[in-house]
Amino acid sequence: MTLSNTEDEYGYIAKIFHWTIAVLIIGLLPVGLFMGGMENSPLKFQIFAMHKSFGLLVFFLGIARLVWRFISPPPDHLESHARWEVTLAGAAHFWLYVCIIGMPLSGWLMSNAGEFPVPFFGIQMPTLVGKNESLGDLFYEVHEALGFTLLFVLALHAAGALKHHVIDKDETLARMTYKTKGLVLPVLIVAILGLSYAASGAAMLFGEDDEEEAAVATEKPGIPASAENAMPAADTSILPKDGWKIVPTQSKLQFQAVLYGSPFTGEFQEFSGIIIFNPDDLANAKADIRIDMKKVVTGDADRDKNIVGAEWFDSDKFPESRFVSKSFEKGGENNYVAIGDLTIHGVTMPLALPFTLDINGKTAHMKALATLNRINFGVGMGEWEDGKTVGTDVKIAIDLTAIQ
Ligand code: HEM
Ligand code: HEM
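Note that the structure is a prediction, hence the values are computed from the model and not measured.

(A) Region of interest: the environment of P319. You can see P319 is positioned in the loop between α6 (301–307) and β9 (320–330). Counting along the chain gives 24 residues from P319 to K295, while the straight-line C-alpha distance between them is 9.4 Å.

(B) Spatial organisation of a nonpolar patch on the surface. Taken together, the side chains of L33, F34, F148 and L151 define a hydrophobic patch exposed on the protein surface, amounting to about 410 Å² of accessible area. Contributions of two or more residues to the nonpolar patch are made by α1 (12–35) and α4 (133–167). Within the fold, F34 resides in helix α1.

(C) Main features of the environment of G380. Turning to its location among the elements, G380 is positioned in the loop between β12 (363–373) and β13 (393–403). Residues G380 and E311 lie 69 residues apart in sequence; the distance between their C-alpha atoms is 5.4 Å. Setting aside its immediate chain neighbours within four residues, G380 contacts E311, W312, R374, I375 and E385.

(D) Representation of the side chain of T177. Position of T177 among the secondary structure elements: in the loop between α4 and α5 (181–216). For T177, a relative accessible area of 5% gives the class buried. A polar contact of 2.8 Å, which involves the side chain of T177, links it to the backbone oxygen of L173.

(E) Fine view of the coordination of the iron atom of ligand 1. Distances from the iron atom of ligand 1 to its protein donors, H18 (NE2) and H157 (NE2), fall within 2.0 Å. Coordination at the iron atom of ligand 1 comes from six donor atoms whose angles at the metal span 87 to 179°, giving a geometry best classed as octahedral. In this pair, H18 sits in helix α1 while H157 sits in helix α4, placing the two residues 139 residues apart along the sequence.

Conventions and cut-offs
- Residues numbered from 1 in each chain as written.
- Chains lettered and ligands numbered in written order.
- Predicted model: local features only at pLDDT ≥ 70, side-chain atom pairs only at ≥ 80, totals over all residues.
- Heavy atoms only, no water.
- Helix = DSSP H or I, 4+ residues; strand = E, 2+ residues; numbered from the N terminus.
- Patch = residues over 30% accessible without salt bridge, like charges linked within 9 Å, V, L, I, M, F, W, Y side chains within 5 Å.
- Areas by Shrake-Rupley, 256 points an atom, 1.4 Å probe, with all protein chains shown as cover.
- Salt bridge = Lys/Arg side-chain N within 4 Å of Asp/Glu carboxyl O.
- Contact = heavy atoms within 4.5 Å.
- Buried < 20%, exposed > 50% of the residue type's maximum accessible area, 1.4 Å probe, protein only.
- Polar contact = N/O pair within 3.5 Å; in protein donor to acceptor, adjacent residues only side chain to side chain.
- Donors = N, O, S within 2.8 Å, 3.2 Å for Na, K, Ca; no water.
- Tetrahedral: all angles 85-135°; square planar, octahedral: opposite > 155°, others 65-115°.

Structure, rendered in structure tokens:
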């Protein structure tokens with residue numbers, strides 16, 4: 001047997017490509033199907049990262065395999081193969097190549113569109129498309145549809161190979177394993193052992209999941225009950241002197257967190273507040289901003305659901321975050337610092353927020369950037385606390401337009 005394909009046998013290189021990709025794909029399919037339904041935990045993100053890394057490995061090997069196929073064409077079909085067998089096998093091989101390239105590519109695009117990391121064994125891959133929730137859903141559909149057709153075509157492909165080996169007793173399988181008939185079986189056994197090894201690795205990971213889940217029920221920091229933090233609603237209908245009203249359609253309250261080394265942004269969709277501000281009367285300035293913690297969007301429906309859940313904002317228990325100023329200081333021109341208390345997740349911490357303010361007649365434009373440590377507010381504790389999966393620092397970007 002040679003490195004290159006010959007007229008009647010696949011060479012070493014084609015065989016190594018075929019069986020490596022086969023083992024990887026047969027491992028990726030069940031892991032892909034199971035991981036989506038797992039409880040949200042760091043382990044789930046580790047399994048996603050492994051799925052993506054091995055999936056990308058298939059992509060790179062697949063491209064190399066196609067290049068090699070061009071350089072060294074496959075052997076002719078056997079004389080004994082019927083016409084319909086040749087056509088069916090050709091169509092199956094074509095579709096298998098579509099899946100070898102299309103599955104990883106759709107996974108990559110889906111992750112990009114949802115602003116999720118795409119790690120290749122620790123190396124972040126470049127972003128091919130920007131954040132776009134409907135595109136993310138579309139690529140998910142493509143990934144899923146390719147996955148199910150792949151399962152079907154693969155079953156047909158393997159059944160065909162076995163039919164040739166067991167019933168027709170021809171060399172179809174032998175020339176993709178080992179031409180010496182006696183060696184077909186040992187080679188297949190090694191391949192099957194490899195597969196079961198991969199499957200048991202996956203099962204072990206899923207086994208660990210139960211232990212991890214048990215570990216989730218760890219203590220949360222002493223968080224005051226939400227009722228104690230209930231505050232009267234701010235009445236913005238009557239504006240006092242120097243009062244400003246936030247224009248929601250022209251204002252943004254965003255945050256950026258880091259998942260597996262890759263940042264994603266989210267937005268608080270509803271917030272309101274009272275702002276009393278006159279640059280010449282800072283002593284009487286006041287800001288009281290309230291944020292609805294149930295209206296958070298991050299560009300992915302699953303992540304949106306998780307983020308308001310008990311492990312993160314716990315928005316059912318703590319439906320509101322609030323910043324109440326105590327005093328204001330002037331910095332440089334148009335620069336101020338709001339000093340006050342920020343309450344998130346029922347925990348109140350002091351905050352000095354530097355901001356810029358441009359007042360143009362009866363319209364004011366305020367911008368601020370801040371970095372908060374989510375641990376100080378008891379957000380994402382237990383197994384998320386170490387910041388390895390989701391970073392502990394969260395950037396906040398405030399961009400408000402208010403009218404007088
Ligand atoms: C139990 C698993 C598998 C068996 C027994 C098997 C068997 C074979 C055999 C015998 C051939 C040669 C066919 C011929 O000469 O006409 C072949 C070719 C091929 N197999 Fe598989 N295969 C398996 C899994 C896979 C998987 C998982 C993939 C990828 C998704 C795959 C993709 C291909 C492709 C694309 C070819 C055509 C190679 C070419 O001529 O370029 N196979 N397979
Ligand atoms: C040949 C390579 C791959 C195969 C065979 C494969 C297979 C699968 C399968 C069968 C699913 C389950 C789909 C469903 O929920 O019905 C899945 C899910 C997923 N795959 Fe892949 N995949 C591959 C490569 C990739 C790559 C390279 C990425 C990303 C870079 C990726 C990202 C994902 C994600 C994020 C999900 C979960 C979607 C969800 O449930 O939310 N996959 N994969």
